[in-house]
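What follows is each chain in one-letter form.
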Amino acid sequence: MAYKEFSYYYDYFNYNADYDALFRFIKSKAARHGVKDGIVCDLGCGTGELAFRFDKAGYDVIAVDNSDEMLDVLYDKRDEVGAYNIQILKQDITELDMFGTVDLFTCTFDTVNHLDGEKAVQKFFDKVSLFMHPDGVFIFDANTPYKHKYVLSCEKYDFDDDEAECIWQNTLYENEQKTEISIKIKDKVSGENYSEKFFEHYYEYSQLEKMIKNSGMVICECLDGETFEELKPESQRFIFVCKKENR
């Protein structure tokens, strides 16, 4: 799934995201596991906030997303800051095709949950493993079952900004391990209304562990993706640090 009209409002309603803290965490963990420079590929890059930070830090950056709308925003932001060294690719990350190997793959803000089920996630992990440098690192996050069952559940949220209002409605399908998300947006400037629906799929730690292993990678660390500390039963996000097996 790729965001459509919501892409143009993503930064408005995601203003609480601490990209600086996420960047510092990823950079530190990658260095700890042997990657201090080189090529970084941000998968499901969205509007590019993480990609811009890696570019500013001197990495060679590839930004990949399958949403035309997200990439429209990314190109505009790239032009504003002059970050023309970032290579931008429109690709389905389950069909990833790189020109060579990558030192560090990143995939954050529950992009993995947006893939269409376990087979798609396995295919994605296989592609990452295929194009990852033998000494490379893969860092990704995923919303936990706890978040879907007890936080998102069937809740309704109303986000109000000066330029737009967004009504976000969740519907939990626990037997299928997924949540339907319905978004309605009112643009206060143009007066136009938009709506879209999609699913987020969620996985137990053991399911993700098995898929990672099946792709030829191993988990070096798994922490709470919001606090970057030890996982707890009520953690809302996993963040995994992975490498190729037998390395």
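### Examining the sheet that holds strand β3 (residues 87–90)
Then, in step 1: Strand order in the open sheet formed by 7 strands is β3-β2-β1-β4-β5-β11-β10, with mixed pairing between adjacent strands. What marks the edges here is a single partner per strand, and that holds for β3 and β10 (217–224). The average angle at which neighbouring strand axes cross in this sheet is 15°, direction not considered.
Then, in step 2: Of the pairings in the sheet, the one linking strand β5 (residues 132–143) to strand β11 (residues 237–244) comprises 7 bridges and is antiparallel in character.

### A short note on the side chain of D141
Then, in step 1: With respect to the secondary-structure elements, D141 resides in strand β5.
Then, in step 2: According to the relative accessible area criterion, D141 is buried, its value standing at 3%.
Then, in step 3: Of the polar contacts made by the side chain of D141, one reaches the backbone nitrogen of F109; its length is 2.9 Å.
Then, in step 4: A polar contact of 2.9 Å, which involves the side chain of D141, links it to the backbone nitrogen of D110.
Then, in step 5: Not counting residues within four places of it along the chain, the set of residues in contact with D141 comprises C107, T108, F109, D110, V112, R237, F238 and I239.

### A closer look at the pattern of salt bridges
Side chains carrying opposite charge are able to pair once their charged atoms draw close together.
Then, in step 1: Under the definition given, this model contains 14 salt bridges.
Then, in step 2: The partner of E174 in a salt bridge is K149, and the shortest N-O contact between them spans 3.8 Å. Of this pair, E174 sits in the loop between β7 (164–173) and β8 (178–187) while K149 sits in helix α7 (residues 145–152); the two residues are 25 residues apart in sequence, bridging distant segments of the chain.
Then, in step 3: Note on E174: relative accessible area 44%, which makes it partly exposed.
Then, in step 4: Overall, the relative accessible area of 24% leaves K149 in the partly exposed class.
Then, in step 5: A salt bridge links K213 to E245; the shortest N-O distance between them is 3.4 Å. Of this pair, K213 sits in helix α8 (residues 205–214) while E245 sits in the segment after β11, and the two are 32 residues apart along the sequence.
Then, in step 6: Relative accessible area serves as the criterion here: at 52%, K213 is assigned to the exposed category.
Then, in step 7: Judged by its relative accessible area of 31%, E245 falls in the partly exposed class.
Then, in step 8: Members of the salt-bridge network, linked through shared partners, are D20, E49, R53 and K77.

### Comments concerning the packing of aromatic side chains
In this description, a pair of aromatic rings is defined by centroid distance and the angle of the planes.
Then, in step 1: Enumeration over the complete set of coordinates arrives at 18 aromatic pairs.
Then, in step 2: When the ring of F138 is compared with that of F140, the centres are 5.0 Å apart and the planes differ by 25°; the resulting orientation is stacked.
Then, in step 3: Aromatic pair F159 and W168: ring centres 6.5 Å apart, planes at 85°, arrangement edge-to-face.
Then, in step 4: Take F159: its relative accessible area is 30%, and that puts it in the partly exposed class.
Then, in step 5: The rings of F124, F125, F138, F140, Y205, F238 and F240 are connected pair by pair, giving a single aromatic cluster.

### Here we look at the packing of helix α2 (residues 19–32) against helix α3 (residues 49–56)
Then, in step 1: The contact between α2 and α3 brings their axes to 10 Å, and the two run at 55°. The orientation of α2 relative to α3 falls into the category oblique. Crossing geometry of α2 relative to α3 is assigned as right-handed. Contacts between α2 and α3 involve Y19, D20, L22, F23, I26 and K27 on the former and, on the latter, E49, L50, R53 and F54.

### Describing the environment of K90
Then, in step 1: Counting through the fold element by element, K90 comes out in strand β3.
Then, in step 2: Assessed through its relative accessible area of 45%, K90 is described here as partly exposed.
Then, in step 3: Considering only alpha carbons, one finds K90 and D18, 72 residues apart in sequence, at a separation of 25 Å.

### Side note on the nonpolar core
Then, in step 1: Counting 32 residues, the largest nonpolar core has L43, M98, F105, F124, F125 and F138 as the members making the most contacts within it.
Then, in step 2: Those elements that place two or more of their residues in this core are β1 (39–43), β2 (60–65), β4 (102–107), α6 (118–131), β5, α8, β10 and β11.
Then, in step 3: Residue contributions to this core peak at 6 residues, all from α6.
Then, in step 4: Excluding residues that lie within four positions of it along the chain, F124 makes contacts with L43, I93, T94, C107, V112, L115 and F138.
Then, in step 5: Counting 26 residues, the second-largest nonpolar core is a separate cluster that includes F25, L50, L71 and I239.

What counts and what doesn't
- Throughout, a residue's number is its position along its own chain's written sequence, starting from 1.
- Where local features are concerned, this predicted model is filtered to residues with pLDDT of at least 70; where side-chain atom pairs are given and counted, the filter is 80 or more; whole-chain, interface and lining totals use all residues.
- With hydrogens and water excluded, all non-hydrogen atoms of the structure serve as input to the side-chain values.
- The pairing criterion for strands is at least two bridges between them, as found by DSSP.
- Numbering goes from the N terminus for both helices and strands, where a helix is a DSSP run of H or I of at least four residues and a strand is a run of E of at least two.
- In this description, a line fitted to the C-alpha atoms serves as the axis of each element, helices being fitted only across the stretch in contact, and the angle between N-to-C directions of two axes falls anywhere from 0 to 180 degrees.
- Note on exposure labels: buried denotes an accessible area under 20% of the residue type's maximum, exposed denotes more than 50%, and partly exposed covers the range between, all computed with a 1.4 Å probe on protein chains only.
- For the purposes of these results, a polar contact is taken to be a pair of N or O atoms within 3.5 Å, where, inside protein, one atom must be able to donate a hydrogen and its partner to accept one; residues adjacent in sequence count only when each atom of the pair is a side-chain atom.
- Whether two residues touch is decided by their heavy atoms; if any such pair falls within 4.5 Å, the residues are in contact.
- A carboxyl oxygen of Asp or Glu within 4 Å of a side-chain nitrogen of Lys or Arg is what we treat as a salt bridge.
- Ring pairs are drawn from Phe, Tyr and Trp, using the six-membered ring of Trp, whenever the two centres fall within 6.5 Å, and their geometry is named by plane angle: stacked under 30 degrees, edge-to-face over 60, tilted for the rest.
- Any angle that is under 35 degrees is reported as roughly parallel, and any over 145 degrees as roughly antiparallel; angles of 65 to 115 degrees are reported as roughly perpendicular and all others as oblique.
- Working rule for handedness: look at the near helix, and if it is turned counterclockwise from the far one by less than a right angle, call the crossing left-handed; if clockwise, right-handed.
- In this text, buried Ala, Val, Leu, Ile, Met, Phe, Trp, Tyr and Cys residues form a nonpolar core when linked through side-chain atoms within 4.5 Å.

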